[in-house]
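Structural overview for review
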Amino acid sequence: MNWMHDGHELPTKGISGRSAYPAPADYGSELYDYPEMFFKHLSMLNGESCCSHDLNFLSSELFADTKDATLLDDYEIRFINAIMAQQNNDSAIAEYLYNLSVAPNSTKEYSHTGFWCCTGSGTERHSTLVDGIYYTDKKDIYVGQYFDSILDLKDQGVTVTQDSHYPEQHFAHITVEAAKSQEFTVYLRVPKWSRNTTISVDGENVDAEPKNGFVAIKRTWGKKAEITVNFDFELRYQTLADRFNRVAIYYGPILLAAQTKDLPASTKPAKEYLKDLVKVEGQNQFRLAGTNIIFKSLPAIPGDTPYNVYVKVPDENVATVIDTQNDSDKPVNEEREWTLAVDPEKKNYLKITYDRLDGDIYSFQIEDDQKVLFTQTMKSEEWPEDSYYIYPLPLDATKGKNKLNIKIKPLDYEGLNFDIANINKIESMVATK
């Protein structure tokens, strides 16, 4: 789950995209690339609904064992943006999504006549919507999610009720009722995205500084107590890990998508772009200033309506180039090697600029002295803009090193021999923060 969280979750916290390998392995959109390689997903469907369902199930089960609040933070984002977007709001029929894609100009691909795996898991998901909200540890109660619900602990004589219509409203209203006075602790999860959270019990403020992701309220609970948790909904953005000119925008836990087929690229940096988003009164939606483009949650976007999750902006100041070298003169089917400067203490990246391809398929491995770091397959019809890919290097590949030996080898896969694409230059980059 840490591997998923650190390197494979889309902005919805869903997962899956294209394979790192050519056909026959790359048969669709249900596979994995190497960690943090998201840009290639933007040329294909991604975000298989089964995976979102399964990840939330696993997150819930693992939290019961670990009490790791990060699992529930991811659960919340995934539930709001991936799970709730699966149902077709325009139909009374139980239609479910195969892929909730974040590729440009996506639409929701509902199942009308087929019975995909996602149709089955979608039915299961919507019969278990109360999972992940509450947990108990002896008499103590953990509130993991802030969705309208009732927890009835008959043996304990305690009822917990939530009725605030979160996240449409930006607070949680929780009523705790006990048949007889008894002492126990109510743990309230404070999401990482909420920077200034306030909590009150029966109108009196309590310390809202979380410990391990939770605020613990220990007291003797009587017939009725009312808890209010006010969350700090703000616009924020997340830069694509391997393409510094793409950002996804959130409002609190809500991923915003532009309900339009063509979203113009911005000439303004991401921080300035957020200032051009004007809130629609009474809704968690924003209008892009000077346009009719509305940014809204994925569940609110109707089926068969184009949307864009990523906004193209000028490059964010994520990393800077520290070494640049040109291609060697070896033939395209032979191994090539470079020694590049890296920073031993920070995150490092490779940036490889390629010469334009002909009609062939190229597939090759990028290695250091220890292991394969990436596998790259390139087709002319999926040629990347500006002819480059960025490869976020795993931390263990550069830790304690000032230099890194990089080898690129042609791939021999399933009896098929591929060539290395023509490389114009190779650069090492180091994170600016």
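In this report, the structure presented in the accompanying data block is examined.

Each value, and the rule that gives it
Residues numbered from 1 in each chain as written. Predicted model: local features only at pLDDT ≥ 70, side-chain atom pairs only at ≥ 80, totals over all residues. Heavy atoms only, no water. Helix = DSSP H or I, 4+ residues; strand = E, 2+ residues; numbered from the N terminus. Rg over C-alpha atoms; globule rule 2.2 N^0.38 Å. Buried < 20%, exposed > 50% of the residue type's maximum accessible area, 1.4 Å probe, protein only. Contact = heavy atoms within 4.5 Å. Salt bridge = Lys/Arg side-chain N within 4 Å of Asp/Glu carboxyl O. Pairing = 2+ DSSP bridges. Axes fitted to C-alpha atoms, helices over the stretch in contact; angles between N-to-C directions. Patch = residues over 30% accessible without salt bridge, like charges linked within 9 Å, V, L, I, M, F, W, Y side chains within 5 Å. Areas by Shrake-Rupley, 256 points an atom, 1.4 Å probe, with all protein chains shown as cover. Lys, Arg positive; Asp, Glu negative; His and termini not counted. Charge placed at Lys NZ, Arg CZ, Asp CG, Glu CD. Expected span 1.5 Å × (residues − 1). Parallel < 35°, antiparallel > 145°, perpendicular 65-115°, else oblique. Left-handed = near helix turned anticlockwise from the far one by under 90°. Nonpolar A, V, L, I, M, F, W, Y, C, P; charged D, E, K, R; others polar. Polar contact = N/O pair within 3.5 Å; in protein donor to acceptor, adjacent residues only side chain to side chain. Core = buried A, V, L, I, M, F, W, Y, C linked by side-chain atoms within 4.5 Å.

With that settled, the discussion passes to the overall build of the protein. From N to C terminus, the protein includes 6 helices and 27 strands. On C-alpha atoms alone, the protein measures out to a radius of gyration of 24 Å, which is about the 22 Å that the 2.2 N^0.38 rule sets for 433 residues. Seen through its principal axes, the protein has C-alpha atoms that stretch 80 × 50 × 45 Å. Counting all 433 residues of the protein, 54% fall into the buried class. Long-range contacts, defined as pairs at least 24 residues apart, comprise 68% of the intrachain contacts of the protein with a sequence gap of at least 6.

Overall, the coordinates contain 20 salt bridges when judged by the stated rule. Here E9 makes a salt bridge to R78, at a shortest N to O gap of 2.9 Å. A residue pair is termed long-range when its members are at least 10 positions apart, and E9 in the loop between α1 (2–7) and α2 (49–66) and R78 in helix α3 (residues 69–83) qualify at 69 residues. Each of the two residues, E9 as well as R78, counts as buried. K407 serves as the salt-bridge partner of D369, at 3.8 Å between the closest nitrogen and oxygen. With D369 in the loop between β21 (361–367) and β22 (372–379) and K407 in strand β24 (residues 403–410), this pair connects stretches of sequence that are 38 residues apart. A single salt-bridge network, built from bridges that share partners, covers E9, K13, D74 and R78.

Relative to the assigned elements, R287 resides in strand β15 (residues 286–288). Taking the C-alpha atoms as reference points, R287 and A258, separated by 29 residues in sequence, lie 9.0 Å from one another. Ignoring sequence-local partners within four residues, the contact set of R287 consists of D276, L277, V278, V280, I293 and I294.

The next point concerns the sheet that holds strand β23 (residues 388–392). Taking strand neighbours across the sheet as the criterion, the 4 strands line up as β18-β27-β20-β23 in an open arrangement whose pairing is antiparallel. Each of the sheet's edge strands pairs with one partner strand only, and the pair in question is β18 (319–326) and β23. Mean inter-strand twist for the sheet, computed between neighbouring axes without regard to direction, equals 25°. Summarising the sheet, strand β20 (residues 348–354) and strand β27 (residues 423–431) pair through 7 bridges and their orientation is antiparallel.

This part takes up unusual backbone geometry. Residues A23 and P24 are joined by a peptide bond in cis, for which omega reads 10°. By the secondary structure assignment, P24 is in the loop between α1 and α2. The linkage connecting Y166 with the following residue, P167, adopts the cis geometry, with an omega of 5°. Turning to its location among the elements, P167 is positioned in the loop between β4 (158–162) and β5 (171–178). Phi angles above zero are rare outside glycine, and N105 is one such case at about 55°. Examined against the element boundaries, N105 turns out to sit in the loop between α3 and α4 (117–126).

We now examine a negative patch on the surface. A grouping of D148, D163, E168, E177 and E226 is seen on the molecular surface, where their side chains present a negatively charged patch. Classification of D148 by relative accessible area gives partly exposed; the value is 35%.

Counted at 1.5 Å a residue, the expected span for α2 with its 18 residues is 26 Å, and the 25 Å between its end C-alpha atoms agrees. Those residues of α2 not exposed but buried are S49, C50, C51, S52, H53, L55, N56, S59, S60 and F63. Against α1, α3, α4, β1 (134–137), β2 (140–143) and β9 (214–221) lie the buried residues of α2.

Orientation of α2 relative to α3, taken along the N-to-C sense of each, is 155°, at an axis distance of 9 Å. Considered as vectors, α2 and α3 are oriented roughly antiparallel to each other. When the axes of α2 and α3 are compared, the crossing they make is left-handed. Between α2 and α3, the contacting residues are S52, H53, L55, N56, S59, S60, L62, F63 and T66 on the first element and A69, L71, L72, Y75, R78, F79, A82 and I83 on the second. Residues belonging to the contact of α2 with α3 are distributed by class as follows: 10 nonpolar, 6 polar and 1 charged.

For the rest of this paragraph, the subject is a nonpolar patch on the surface. Together, F57, L58 and L62 line one region of the surface with nonpolar side chains, adding up to about 250 Å² of accessible area. Relative to the helices and strands, F57 is located in helix α2. Residue F57 is classed as partly exposed on the basis of its relative accessible area, which comes to 44%.

Our focus in this paragraph is the side chain of H53. Here H53 shows up in helix α2. Judged by relative accessible area, H53 falls into the buried class, the value being 4%. A polar atom in the side chain of H53 sits 3.2 Å from the side chain of E124.

Right, let's get into the environment of D262. Position of D262 relative to the elements: it lies in the loop between β13 (254–258) and α5 (270–275). The spacing of D262 and R287 is 25 residues in sequence and 15 Å in space, taken between C-alpha atoms.

Quick look at the nonpolar core now. Soluble globular proteins: nonpolar side chains tend toward being buried together. Among the nonpolar cores identified, the biggest contains 109 residues, and L188, I227, F295, Y354 and I406 are the most heavily contacted of them. Among the elements that make up this core, the one with the highest residue count is α3 (9 residues). Counting 7 residues, the second-largest nonpolar core is a separate cluster that includes Y349, Y388, I390 and A431.

Let us now look at the packing of α2 against α4. Direction vectors running N to C along α2 and α4 enclose 35°, while the axes themselves pass 8 Å from each other. For the crossing formed where α2 meets α4, the hand is left-handed. Packed against α2, whose contacting residues are S49, C50, H53, N56 and F57, the element α4 presents C117, C118, S121, E124 and R125 at the interface. Of the residues contributing to the contact of α2 with α4, the split by class is 4 nonpolar, 4 polar and 2 charged.

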